[in-house]
Amino acid sequence: MCIRDSPCTCLTTSLFKLSVVVCYFVLSLVLERLYCLIITVVISAFDFWFVKNIAGRYLIGMRWWSEIQPDGRDFWVFECRLNEDHVNPVDKNFFWWSQIIATLIWLVTTVIRVISFEFFEGGITGFVFVLNAVNLIAYYNCSKEQKQRVNDYIRRRAAQHTLEAISKGSLWF
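Rules used throughout
- Residues numbered from 1 in each chain as written.
- Predicted model: local features only at pLDDT ≥ 70, side-chain atom pairs only at ≥ 80, totals over all residues.
- Heavy atoms only, no water.
- Helix = DSSP H or I, 4+ residues; strand = E, 2+ residues; numbered from the N terminus.
- Buried < 20%, exposed > 50% of the residue type's maximum accessible area, 1.4 Å probe, protein only.
- Contact = heavy atoms within 4.5 Å.
- Areas by Shrake-Rupley, 256 points an atom, 1.4 Å probe, with all protein chains shown as cover.
- Axes fitted to C-alpha atoms, helices over the stretch in contact; angles between N-to-C directions.
- Parallel < 35°, antiparallel > 145°, perpendicular 65-115°, else oblique.
- Left-handed = near helix turned anticlockwise from the far one by under 90°.
- Nonpolar A, V, L, I, M, F, W, Y, C, P; charged D, E, K, R; others polar.
- Bend = angle between axes of the 7 residues up to and from the residue.
- Core = buried A, V, L, I, M, F, W, Y, C linked by side-chain atoms within 4.5 Å.
- Phe/Tyr/Trp six-rings, centres within 6.5 Å; stacked < 30°, edge-to-face > 60°.
- Expected span 1.5 Å × (residues − 1).
- Polar contact = N/O pair within 3.5 Å; in protein donor to acceptor, adjacent residues only side chain to side chain.

**Student:** I would appreciate a short explanation of the overall build of the protein in the present structure.
**Tutor:** In terms of helices and strands, the protein carries 4 helices and 2 strands. Element order for the protein, N to C, with α for helix and β for strand: α-α-β-β-α-α. Expressed as a percentage of the 173 residues in the protein, the buried residues total 35%. Expressed as a percentage of contacts within the protein between residues at least 6 apart in sequence, the contacts between residues at least 24 apart total 68%. Surface exposure of the protein reaches about 11000 Å², of which carbon and sulfur atoms provide 68%.

**Student:** Would you mind showing me how to read the packing of helix H1 (residues 7–25) against helix H2 (residues 33–60) here?
**Tutor:** Relative orientation and spacing of two packed helices are given, respectively, by the angle between their axes and the distance between those axes. Contact geometry of H1 with H2 gives a least axis separation of 9 Å together with a crossing angle of 160°. Considered as vectors, H1 and H2 are oriented roughly antiparallel to each other. Here H1 runs over H2; the crossing is left-handed. Residues that form the contact of H1 with H2 fall into these classes: 16 nonpolar, 6 polar and 3 charged.

**Student:** So what exactly am I meant to see when it comes to H2 here?
**Tutor:** Since one α-helical turn is 3.6 residues long, residues separated by three or four positions face the same way. Maximum bend of H2: about 45°, positioned at valine 51. Glycine 61 lies just past H2 and shows a positive phi near 70°.

**Student:** Would you explain the nonpolar core in this entry?
**Tutor:** Within soluble globular proteins, side chains that are nonpolar tend to cluster in buried spots. Formed by 19 residues in total, the largest nonpolar core has its most connected members in Leu59, Ile60, Met62, Trp64, Phe95, Trp96 and Tyr139. Those elements giving two or more residues to this core turn out to be H2, strand E1 (62–68), strand E2 (74–80), helix H3 (89–115) and helix H4 (119–168). The contacts of leucine 59, once residues within four sequence positions are left out, are Ser6, Thr9, Cys10, Thr13, Val87, Asp91, Lys92, Phe94 and Phe95. Among the nonpolar cores identified, the runner-up in size contains 7 residues, and Val20, Tyr24, Leu37 and Val128 belong to it.

**Student:** How should I be thinking about the packing of aromatic side chains in this particular structure?
**Tutor:** Both the distance between ring centres and the angle between the ring planes are used here to describe each pair of aromatic rings. All chains considered together, the criterion is met by 10 aromatic pairs. Their ring planes at 90° and their centres at 4.9 Å tell us that tyrosine 24 and phenylalanine 25 sit as a pair that is edge-to-face. For tyrosine 24, a relative accessible area of 1% translates into the label buried. Look at tyrosine 24 and tryptophan 106: their rings are 5.5 Å apart centre to centre, the planes differ by 75°, and that puts the pair in the edge-to-face class.

**Student:** In this structure, what is going on with H3? I would like to understand it.
**Tutor:** In this model H3 runs 39 Å from its N-terminal to its C-terminal C-alpha over 27 residues, within 8% of the 39 Å that 1.5 Å per residue would give. Its side-chain oxygen at 2.7 Å from the backbone nitrogen of valine 90, asparagine 88 defines the N-terminal cap of H3. Looking one or two residues past H3, phenylalanine 117 carries a phi angle of roughly 60°, positive in sign.

If you want it as structure tokens, here you go:
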């Protein structure tokens, strides 16, 4: 049986992602379009913050942030759990699929708006796309770094074990 470890985090993530889509595509039927666009941007900002600071940490055990160096360069910092066994596979799959699907929805919407010469709305949907894409790319990079950390950990443990075996004279070639 697959049970989520963080149902509240999954629910909140779903609510943010769905509310942005509903606000942009449905709410404009009842409200003035400009209000819908403003609400879409605000909810997207909340979604970005929530995924970056809460969902990533609770669902997949990763977090990221960017620091500005004294020389003005942007430096991204990634943190993740060393042991991926503690990550619930249902939460992990939910996190990655929700990020991928949301990013694709906003990419397609942005392309359609730009092709239709609706540049203002294309800018709004492009902004929402960028927010989703930044989280997706950052967590993807974090995940790559996690794999590298695990490989480094395994190499260090193997080297340590080999040195212990050599010092005890129990290594056979």
